[in-house]
Amino acid sequence: MERWKACSGTDVLSDTIPEEDIPLDPLPLDAWHRANGARMVSFAGYDMPIQYSGDTISHGGGIVAEHHWTRESASLFDVSHMGQLGVSGDGAGEALEALLPGGIASLKEGRMRYSMLLNEDGGILDDLMVTNAGAQFGLVVNGACKWDDIAHLREHLPDEITLTHYNENALLALQGPKAADVLTALVPEAGELTFMTARYADWGGVPLWIARAGYTGEDGFEIAVPGEHAQQLAEALTADDRVEPAGLGARDSLRLEAGLPLYGHDMTDATDPVSADLTFALTKKRRETGRWMGHEKVMAVLDAGPEQKRVGLLIDGRMPAREGAEVFAGDTKVGTVTSGGFSPTLSRPIAMAYVDAAYTAEGTALECAVRNKRLPAAVSPMPFVPHRYFRGS
């Protein structure tokens, strides 16, 4: 393939260009973040806000304050680094089903589904959200691997299928129990949505794509908006006293409490969906019919049972076990922590880890090795903090 196709957005990037050579512009809200006291860090090839502080932040700022504000009110996260893709053409749903293990072609318009790109060995190349947007299927993929995802899709999609990269769009996530009231005051159509549904909307002549979803465990929305209107929308949302900006730090602590895995940490291309405890994304009918990349290898793990499995850990004391910490049962190493931190909601350390299958039962006593100490831990069901998605009345 010389180039991947696009009917709008980028159509000039060769899929043979190494990622480090692809020029990356600042995100549309870069200046807005800095003006609002953001501390910026490099993430997925962009400068991203990790937390905020300053006179403009009513709760004073900081990761813990942003975390609690999201649980109690509504926070605005900038997730514009993520890849927004469109797949269109006759048979687009069936073409995606050759690469994704979920039911895609059967999705009704406006419905969303969590899925994964898999390699031929059943390893996870990325996890993503796919939506039937009517004229196309919309995909939101992780920012750190979106260029690899684009190359993979272009290599394996039929030539008659068009792949579009909407890299001119921003993506904002409004999350928290007051998010719906805030957004519907600006865009009444948003109130028609329930969890895992999406629609187009008009905001004073600005086209929006709004999905009732997110990665915090709270009710909320992800809003795609043309980049030139991103600051206008961010300012309109944060003009409401119920909304404050939040950064990557709070996003990470919230998704950990929600038991949501992070690609590159809790799953990689060496991890299969069964070991990652993501079998819910393997649609029953498609398990039986197959014809998706990695099917045979994944089904073999499902039938035999995984050697290790992703589990939650509740850790005693105040010291967190971070990624890479070894997990022990007595003197035997049985696993490794992949995400861990101190839970602001529970006021205790929590973690995700891959542990040997014999030690995955709820309540199993284990230990995490941290700074030459053994921290008592117990296997816990996830989410650690209950989800509060809005599924309708």
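The structure displayed is predicted, hence computed values, not measured ones.

> So what's going on with the overall build of the protein chain? Which residues, and what values?
Helix and strand content of the protein chain: nine helices and 19 strands. On C-alpha atoms alone, the protein chain measures out to a radius of gyration of 21 Å, which is about the 21 Å that the 2.2 N^0.38 rule sets for 393 residues. C-alpha extents for the protein chain along the principal axes are approximately 60 × 55 × 50 Å. Per-residue burial over the protein chain gives 56% buried out of 393 residues. Counting only contacts in the protein chain whose residues sit at least 6 apart along the sequence, the fraction spanning at least 24 positions is 65%. Carbon together with sulfur atoms contributes 49% to the accessible area of the protein chain, which is approximately 16800 Å² in total. Side chains of the protein chain give 33 positive and 56 negative charges; the mean places of these two sets differ by 7 Å.

> An account of the sheet that holds strand S3 (residues 74-78) is needed here, citing residue identities and associated values.
Across the sheet, six strands lie side by side as S10-S11-S12-S9-S3-S13; this open sheet has mixed pairing. What marks the edges here is a single partner per strand, and that holds for strand S10 (198-203) and strand S13 (243-245). Between one strand axis and the next, the sheet turns by 25 degrees as a mean value, whatever way the strands run. Sheet topology note: the S10/strand S11 (residues 206-211) ladder contains six bridges and is antiparallel. Pairing of Tyr200 across the sheet is with Trp209, part of S11. Across the sheet, helix H2 (residues 63-72) is in contact with S3, strand S9 (169-175) and S13; its angle to S3 comes to roughly 120 degrees.

> Lay out helix H9 (residues 295-304) with the relevant residues and their values.
His295, Val298 and Met299 are the residues of H9 that are buried. Looking straight down H9, one finds its buried side chains confined to an arc of 95 degrees; they lie on one side. Among the exposed residues of H9, those oriented more than 90 degrees off its buried face are Glu296 and Ala304. On its buried face, H9 is in contact with strand S5 (112-118) and helix H8 (284-289). Gly305 occupies a position one or two residues after H9 and carries a positive phi of about 90 degrees.

> A description of helix H5 (residues 179-186) should follow, citing residues and the corresponding values.
The periodicity of an α-helix, 3.6 residues per turn, causes residues three or four positions apart to be oriented the same way. For H5, the set of buried residues is Ala179, Ala180, Val182 and Leu183. Considered in projection along H5, the buried side chains sweep an arc of 160 degrees and stay on one side of the axis. Of the surrounding secondary structure, the elements contacted by the buried residues of H5 are S3, S9, S11, strand S12 (220-226), helix H6 (230-238) and S13.

> Before we move on, can you summarise the pairing of strand S18 (residues 365-370) with the specific residues and values?
The alternating pattern of S18 places Leu366, Cys368 and Val370 on a buried face, while none of Ala365, Glu367 and Ala369, on the opposite face, is buried. Relative to S18, strand S15 (residues 326-329) is paired through two bridges, and the arrangement is antiparallel. Directly across from Val327, in S18, lies its bridge partner Cys368. Alignment of S18 against strand S19 (residues 373-380), held across six bridges, turns out to be antiparallel. Bridging across to S19, Ala365 finds its partner in Ala378. Between S18 and the antiparallel strand that follows it, S19, lie two residues; Arg371 among them carries a positive phi value of about 50 degrees.

> So, the packing of H2 against helix H7 (residues 248-257): which residues are in play, and what are the values?
For the pair H2 and H7, the least separation of the axes is 8 Å and the interaxial angle reads 55 degrees. As far as their axial angle goes, H7 and H2 are oblique. Where H2 crosses over H7, the handedness of that crossing is right-handed. Of H7, the residues touching H2 (which contributes Ile63, Glu66, His67, Thr70 and Arg71) are Gly249, Ala250, Ser253, Leu254 and Glu257. Across the contact of H2 with H7, the residue classes tally to three nonpolar, four polar and three charged.

> Tell me what's going on with the domain arrangement of the protein chain, and back it up with residues and numbers.
The domain boundaries assigned to the protein chain delineate domain 1 (1-305) and domain 2 (307-393). The straight-line distance from the C-alpha centre of domain 1 to that of domain 2 is 26 Å. Listed as interface residues are 31 residues of domain 1 and, on the opposing side, 27 residues of domain 2. For the pair domain 1 and domain 2, the summed buried area comes to about 2400 Å², and 52% of that belongs to carbon and sulfur atoms. Three residues stand out in domain 1 for area buried against domain 2, namely Phe195, Leu256 and Glu257, and they jointly supply 28% of the buried area on that side. Connecting domain 1 to domain 2 are two salt bridges. In this structure, the salt-bridge partner of Lys309 is Asp277, at a minimum N-O distance of 3.8 Å. Seen at the junction of domain 1 and domain 2, the total is 21 residue pairs in polar contact (both at pLDDT 80 or more). Of all the secondary-structure elements, those providing two or more residues to the side of domain 1 that touches domain 2 are H2 and H7. Its residues assigned to classes, the side of domain 1 that touches domain 2 shows 12 nonpolar, 11 polar and eight charged.

Criteria and thresholds
Residues numbered from 1 in each chain as written. Predicted model: local features only at pLDDT ≥ 70, side-chain atom pairs only at ≥ 80, totals over all residues. Heavy atoms only, no water. Helix = DSSP H or I, 4+ residues; strand = E, 2+ residues; numbered from the N terminus. Rg over C-alpha atoms; globule rule 2.2 N^0.38 Å. Buried < 20%, exposed > 50% of the residue type's maximum accessible area, 1.4 Å probe, protein only. Contact = heavy atoms within 4.5 Å. Areas by Shrake-Rupley, 256 points an atom, 1.4 Å probe, with all protein chains shown as cover. Lys, Arg positive; Asp, Glu negative; His and termini not counted. Charge placed at Lys NZ, Arg CZ, Asp CG, Glu CD. Pairing = 2+ DSSP bridges. Axes fitted to C-alpha atoms, helices over the stretch in contact; angles between N-to-C directions. Arc of directions from axis to C-beta. Parallel < 35°, antiparallel > 145°, perpendicular 65-115°, else oblique. Left-handed = near helix turned anticlockwise from the far one by under 90°. Nonpolar A, V, L, I, M, F, W, Y, C, P; charged D, E, K, R; others polar. Domains from an automatic or database assignment. Buried area = accessible area lost by both parts, 1.4 Å probe. Salt bridge = Lys/Arg side-chain N within 4 Å of Asp/Glu carboxyl O. Polar contact = N/O pair within 3.5 Å; in protein donor to acceptor, adjacent residues only side chain to side chain.

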